[in-house]
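# Examining the three-dimensional arrangement
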Amino acid sequence: MGGLALANRGSGASHGAGKQLSSLCKISHGVSVAIMLDGVIRLNAREKLVEYAEIARYLGVRETDDKKALDGLLAIWNQLIDFLDFPRNITDLGIKKDIFLANIDSLVKNALEDAAMKSNPIPLTIR
């Protein structure tokens, strides 16, 4: 049952894209997802701004404007990333640019085909 739940969770682009990084370096799942989350939230806010603003307010952001609340949410997220001293990008993982670029097509293809992508609010494509 646990396997069925995990296989069908559709956790979105941060998981679908993030877990592809483990093919290029040794990285924990949490770190791989964390690297992607800021960008994914910004992208998905095009469709889910109200929901992200609600999360921000639940976390104590006191903004009535949804866009400003989103900014507050991302500020909280980035403060957590700083506190945990997580890497912020591909370079911070120690992946060399030439290695990353040589693998980008397969990384993108695998991410787009990942089951986690099925619930992302914005359908993603290669272009």
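Just so it is clear, the model here is predicted, and its values are computed rather than measured. (Residues numbered from 1 in each chain as written. Predicted model: local features only at pLDDT ≥ 70, side-chain atom pairs only at ≥ 80, totals over all residues. Heavy atoms only, no water.)

## What to know about the overall build of the protein
Going by this rule: Secondary structure elements are taken from DSSP: a helix is a run of H or I of four residues or more, a strand is a run of E of two residues or more, and numbering for both begins at the N terminus. Relative accessible area decides the class of each residue, using a 1.4 Å probe on protein chains only: under 20% of the type maximum gives buried, over 50% gives exposed, and in between gives partly exposed. In what follows, a contact means two residues having at least one pair of non-hydrogen atoms within 4.5 Å. To be clear on the numbers: accessible area is Shrake-Rupley with a 1.4 Å probe, and residue cover counts the displayed protein chains and nothing else. Two residue types count as positive, namely Lys and Arg, and two as negative, namely Asp and Glu; His and chain ends fall outside the count. For the purpose of locating charges, the reference atoms are NZ of Lys, CZ of Arg, CG of Asp and CD of Glu.
When you go through the protein residue by residue, the secondary structure sums to 5 helices and 0 strands. When the helices and strands of the protein are read in sequence order from the N terminus, they spell out α-α-α-α-α. Each of the three principal axes of the protein carries a C-alpha extent, and together these read 45 × 35 × 35 Å. Counting all 127 residues of the protein, 35% fall into the buried class. Considering only contacts within the protein whose residues lie at least 6 apart along the sequence, 55% involve residues at least 24 apart. When the accessible surface of the protein is totalled, it reaches about 8,200 Å², and 57% of it is carbon and sulfur. Taking the average location of the 16 positive side-chain charges in the protein and that of its 15 negative ones, the two points are 3 Å from each other.

## Here we look at the layout of surface pockets
If a probe the size of a water molecule is rolled over the atoms, the empty space left behind becomes visible. As a reminder of what qualifies: A cavity, in this analysis, means grid points on a 1 Å lattice covering only the protein atoms where a 1.4 Å probe fits yet has no way out; a pocket is instead an open set bounded by protein on both sides within 12 Å along at least five of seven lines, and a residue lines either one if it has an atom within 4 Å of a point. Grid points are joined across faces, edges and corners, and a volume is the space filled by probe spheres set on the points. Think of it as three bins: nonpolar holds Ala, Val, Leu, Ile, Met, Phe, Trp, Tyr, Cys and Pro, charged holds Asp, Glu, Lys and Arg, and polar takes everything else, Gly as well.
Computed from the structure, the largest pocket encloses a volume of approximately 310 Å³. Considering the residues around the largest pocket, the lining is formed by 17 residues, among which A13, A17, M36, V108 and A111 are closest to the centre. Those elements giving two or more residues to the lining of the largest pocket turn out to be helix 2 (13–18), helix 3 (29–58) and helix 5 (97–113). Here the lining of the largest pocket gets 6 residues from one element, more than from any other, and that element is helix 5. Across the lining of the largest pocket, the residue classes tally to 15 nonpolar, 2 polar and no charged.

## Topic: helix 4 (residues 66–84)
We apply this condition: Multiplying 1.5 Å by the residue count of a helix minus one yields the expected span of that helix. Whenever a nitrogen or oxygen atom comes within 3.5 Å of another N or O atom, the pair is scored as a polar contact, on the condition that within protein one atom can donate a hydrogen and the other can accept it, and that pairs from neighbouring residues in sequence are kept only if both atoms are in side chains.
Between its terminal C-alpha atoms helix 4 stretches 27 Å, which fits the 27 Å expected from 19 residues at 1.5 Å a residue. When we look at burial in helix 4, the residues that qualify are A69, L70, G72, L73, L74, W77, N78 and I81. Buried residues in helix 4 make contact with helix 3. Measuring from the side-chain oxygen of the N-cap residue of helix 4 to the backbone nitrogen of K67 gives 3.2 Å; that N-cap residue is D65.

## As for a nonpolar patch on the surface
Where we set the bar: A patch consists of residues whose relative accessible area exceeds 30% and which take part in no salt bridge; residues with like charges are grouped when within 9 Å of each other, and nonpolar side chains (Val, Leu, Ile, Met, Phe, Trp, Tyr) when within 5 Å. Salt bridges are defined as contacts in which a side-chain nitrogen from Lys or Arg sits within 4 Å of a carboxyl oxygen from Asp or Glu.
Taken together, the side chains of I55, Y58, L59 and I76 define a hydrophobic patch exposed on the protein surface, amounting to about 430 Å² of accessible area. Summarising the element assignment, Y58 is placed in helix 3.

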